[in-house]
Structures are given as C-alpha cells and as structure tokens.
Amino acid sequence: MFSKILIANRGEIACRVIRACRDLNISAVAVYSEVDAAALHVRMADEAYLIGPAPSADSYLNIEKIIDVAQRAQAEAIHPGYGFLAENAAFARAVTEAGLIFIGPTPAAMEVMGSKTNARRAAIAAGAPVVPGTTEALRDFAEARETAAKFGYPVMLKAAAGGGGKGMRQVAAESDLRSALESAQSEAASAFGNSEVYLEKVVERPRHIEIQVFADQHGNSVHLGERECSIQRRHQKVIEECPSPLDDSDLRQRMGAAALQIARAVNYVGAGTVEFLFSDVSRDFYFLEMNTRLQVEHPVTELVTGIDLVREQISVAAGQRLSFTQEDVRWSGHAIECRVYAEDPQNNFFPSPGRITFLRVPSGPGVRDDSGVAEGDEVSIFYDPMISKLAAWGRTRAEAIDRLRRALDEYAVGGIKTTLPFFRSIVRDEEFIAGRLDTGFIPRFHERLENQPAVSDEDRDVAIIAAALVFAEQRRQGATNHAPRQPGKWKMAGRETTLNRGNLTRKSFSE
Ligand code: MV4
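All of these numbers come straight from a predicted model, not from anything done at the bench.

**Observations concerning the side chain of Arg368**
Thought 1: Within the fold, Arg368 resides in strand β19 (residues 367-371).
Thought 2: Here Asp370 takes part through its side chain, which lies 2.6 Å from a polar atom of the side chain of Arg368.
Thought 3: Beyond its immediate stretch of four places on either side in the chain, Arg368 contacts Arg16, His298, Pro299, Glu302, Leu303, Lys389, Leu390 and Ala391.

**Description of the environment of Ala90**
Thought 1: Of note, Ala90 is situated in helix α4 (residues 89-97).
Thought 2: Residues Ala90 and Pro107, spaced 17 residues apart in sequence, show a C-alpha to C-alpha distance of 7.2 Å.

**Thoughts on the pairing of strand β2 (residues 27-33)**
Thought 1: Along β2, 6 of the 7 residues are buried, which leaves the element largely enclosed by surrounding structure.
Thought 2: Pairing of strand β1 (residues 4-7) with β2 involves 4 bridges; the strand directions are parallel. Looking at β2, one finds that Lys4 is bridged to Ser27.
Thought 3: What joins β1 to β2 is helix α1 (residues 11-23), and the crossover it makes is right-handed.
Thought 4: Across 5 bridges, β2 lies against strand β3 (residues 47-52) in parallel orientation. Bridge pairing links Val29 to Glu47 in β3.

**Points about the environment of Ile401**
Thought 1: For Ile401, the location among the structural elements is in helix α12 (residues 397-410).
Thought 2: Here the alpha-carbon distance between Ile401 and Val427, two residues 26 residues apart in the chain, equals 6.6 Å.
Thought 3: With near-sequence residues (within four places) excluded, Ile401 lies in contact with Ile336, Val427, Phe432 and Ile433.

**Details of the pairing of strand β12 (residues 270-279)**
Thought 1: Burial within β12 is extensive, with 10 of its 10 residues counted as buried.
Thought 2: The pairing of strand β9 (residues 206-215) with β12 spans 10 bridges and is antiparallel. Among the inter-strand pairings, Ala215 is bridged to a residue of β12, identified as Gly270.
Thought 3: Where β12 lies against strand β13 (residues 285-291), 6 bridges are found, and the strand directions are antiparallel. In the sheet register, Glu275 faces β13, and the bridge partner there is Glu289.
Thought 4: The turn joining β12 and β13, which pair antiparallel and follow one another in sequence, is formed by 5 residues; a positive phi near 60 degrees is taken by Arg283.

The rules we used
Residues numbered from 1 in each chain as written. Predicted model: local features only at pLDDT ≥ 70, side-chain atom pairs only at ≥ 80, totals over all residues. Heavy atoms only, no water. Helix = DSSP H or I, 4+ residues; strand = E, 2+ residues; numbered from the N terminus. Polar contact = N/O pair within 3.5 Å; in protein donor to acceptor, adjacent residues only side chain to side chain. Contact = heavy atoms within 4.5 Å. Buried < 20%, exposed > 50% of the residue type's maximum accessible area, 1.4 Å probe, protein only. Pairing = 2+ DSSP bridges. Right-handed = clockwise from strand over helix to strand, strands pointing away.

The structure is reproduced here in structure tokens:
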C-alpha cells in the first residue's frame, strides 16, 4: 500500500480523497492555488503546496508543476479527483513516466473513451447496444443528409470530442440540417479544438441511467448497479439517486452486463461509469458514453452498497485485488443526492460568489454531507461553485425523501445565495415524489411553478398577518416556558440551610 498520495484537485472531492487516505493510514498531500491558501482541503491535508495563481490553467491544470510537487514531496501516487486533469490521458501518461502511479485507468482506455466515435465502435465490438447512428465523423453536408434520411428524423448531431451536451444539436427535419451541422461543427471546434461531428437517432424523453463499474489489475471486474441522473439543468446533473426509481433488478442485471462488456473491451482498471439512455416507451437502453473517472455522484452508490469507492480506487491502483466479488454486492435501501451550488435559483441560477458568513450543516439519521467549505470561507469565481453534495439514505425511496426534506430544511448558509430553496421545492413536488423522472423533468418543473394559481394581494396580506400572529404566540409561549418558576419548598429549604452555614442569614442577606 502507498504511504503518501498527492491529490491533484480542490474542494469537496479533495476532502473526500483525504478522508479515504486517513482510513488507509496514507499521508495526504494537497496542492492549491493562490486563492485557495486557506481552503478546507489545504487545512485537512498533511502537507500542502502552492502551485500557482487562481486561474485553473495556471494551477490545477498545470501538469508539470503538479508532478514536480509530487516528486519533491515523495508521494508515490496521484489521485486526480474529477474534472481538471481526471480524464486527461497525457497527464496520466506523464504521471507514469515520472515514476508515479496514476490512480485511474490506463491512458489508452481514457483515449478510446475520450472520442465518442471510438467509444461507440468499442461498445459495438463488445456487443453492447448503442444508439442507432454513425461511428465515424460526418465528412460533409451530403453525407449528413444521406445518413439522417437513412436513420430517420429527428436526429441528433454530436461532437466526436465532446460529451455533456456541448456541440449537440437536435434536428427535426432536413430543412434545419445544414445550419445545425455548421453550428455544431463550429461549437465543437471552439470548445474541443476538434470540429468532428457525428449523428445519432433521437431517443425521445429518455432517462439518463448510468452503471458504476470497477476493475482491478488482475482481470476481475464488477458492477455496482445504476444511478438515475435524469434530473439535469442545461446538461448539468442536479439530483442523482441509487437505485433508479424504476427499481427493476432485471434491468440492472442487463445494463450491468452490458457495462462490463464495454469495460472489459478496453481493459478497464479502477472506477468507471458507463452512461446509458433508457427509453421509458420501449424500455430499451443504449450506450451513450463512458466516464473514466470517479463521478461527483458516487456517494449514492456508496450509501446503498456500503462500499468505499475511493478506498477501492487507491487499493486497486496499488495492485491489490478487488475487496469484493459481484456476488458480495448487495443493494440496500435508497439514496438521493442534491448538488448544492452557490447560485441564485431566483435569478436564473446566476453564480453567487462571496463569503459564507454562517453555516449550519444538517446531520441526523441517514444524512451525509460532502462539503469542501467551512464557515468564513470565500466562494470564488474561479472554480465550479458547488459547495457541497447533500445525500440522504432511507430503507425506501419515500424514507430517503423524508430525510432529504428534513436535511434541506435544516441546512442554513448565510452570506451567499444557494440552490437549497430550489431543492426544498423539488422534494415536495408530486412528480418527483412519484419518481416520474426523465430528462424533461426540470423544464416541466419550472412550468408547474409558473402555472401555480396566482395569489391575490389581499390573500397574501392575510397569510402574512396570520403567520405573524402564530410567530408572536409561539414566542410568548416559549418565554412562558423558560421563565424562572417559583422554586419548590425543598429547594427553598436547601437554600436556607446553605445560607445559614455562613454568616449570612436570609434576613441579613435581604437587608
Ligand atoms: C441524446 C438524447 C436523445 N437522443 N442522444 C445530453 C448530454 C449528453 N450526455 C447526451 N445528451 C442527450 N443525448 C440521443 N441520441 C438526449 C440527450 C439529453 C439528455 C440526456 C441525459 C440527461 C439530460 C438530457 C437533456 C437533454 C438531452
């Protein structure tokens, strides 16, 4: 096992990896940018090194600097977390060439999955179902027109180097194809430095369901079941759960088998996630892409399986065998996670940086908060404004929702705006409670909020007055309860005895 690991990340995930290091008795080395000198991950680590100015390109993305620090600190391995360099094959290769161990898959596996067209070819070769479409980039408009006609409209144009919705265009009819192709290509070129675009048939009202896989260096691979991530806003996940509310063990088994076929085809090692689109209509599922990293939403899988995914990543990277077999994996209960952001849900989720002047983190049965900030910390504009991931576990989905509602109500953050109020209304939403989740959930949720019957000014005034009366009454009762009561006779007698022991008497005292 390693004795020292460098964590090439910041925020909650750096803190999460440090916790796994503590469990394994591994020393944790943090790196930080100039604005992060007092950040929680720096305070939690055993050692910390400044790697550059605030912009990520000059600090958390600086490959040379990070490797140099790892060598100087005599770390044996580097954990990349998620984001930043986590899926950068060149970084993984540079780490290995520097004589260090990259905690993750091989650069070759990362490269295959980094190209969506390569990934689709690998999935097809592995015998897994993929969305009907091309496995090569479209050469020109003529080819796009022929292919779209062959698969049938509506179609989706996607960036080969992309993922996560950038450079993606849905095309309803041939008349829209030319402009969609041009804009997808130019968006792909500026976002990824690669203008290649390929084509898929549209899966309508899909659900996003992903499978957690794990493999060691000895040829063992297992899946840890699914996560439902259909609740997204502008291609950003908002709420994730395990299991999917579909809770279909046959589906889990079939998706798990397909995910493992794909992982084995690229000799995958470590933690990975295979994403699928699931059609509620046909109940078919299709491979979408594979993420070659630990995901933000890993805690829901940990809560339901009881397996520490970060600990397992570290032990697998050290060459150990998986600590469990497929038969050992049991799914117990239900977990739901909310990504709490420093954003204003009242103002189109506009970022809300600033100082956290007050922080009360919820706790109690079934509640887990993975946070990267503490009271007094500054949420800067330089990085992703996620401040924590709040997750609840229950024996059933209903119990998990009850606990999540309680935890969200208990959570208090002062000084900045957060997405907590948005989540407080989602966990009270009928569609959410019923588990009717597909990728159109958030737009429909916003419509439901807007279509709520308008409240008249008079009704609003009546409600405010009623609330004020209740508040005043409660406060009066509270004061009554806490008012010093007339002491009992035993207590009075006791006091008198005490006073009489000294020179003071009750009489002289009162005089
Ligand atoms: C699709 C699709 C429908 N059909 N592909 C969006 C992000 C990227 N990961 C893939 N995405 C989609 N690909 C086909 N062929 C619908 C989406 C999609 C979506 C997927 C998952 C979660 C939320 C979504 C929101 C809009 C569109």
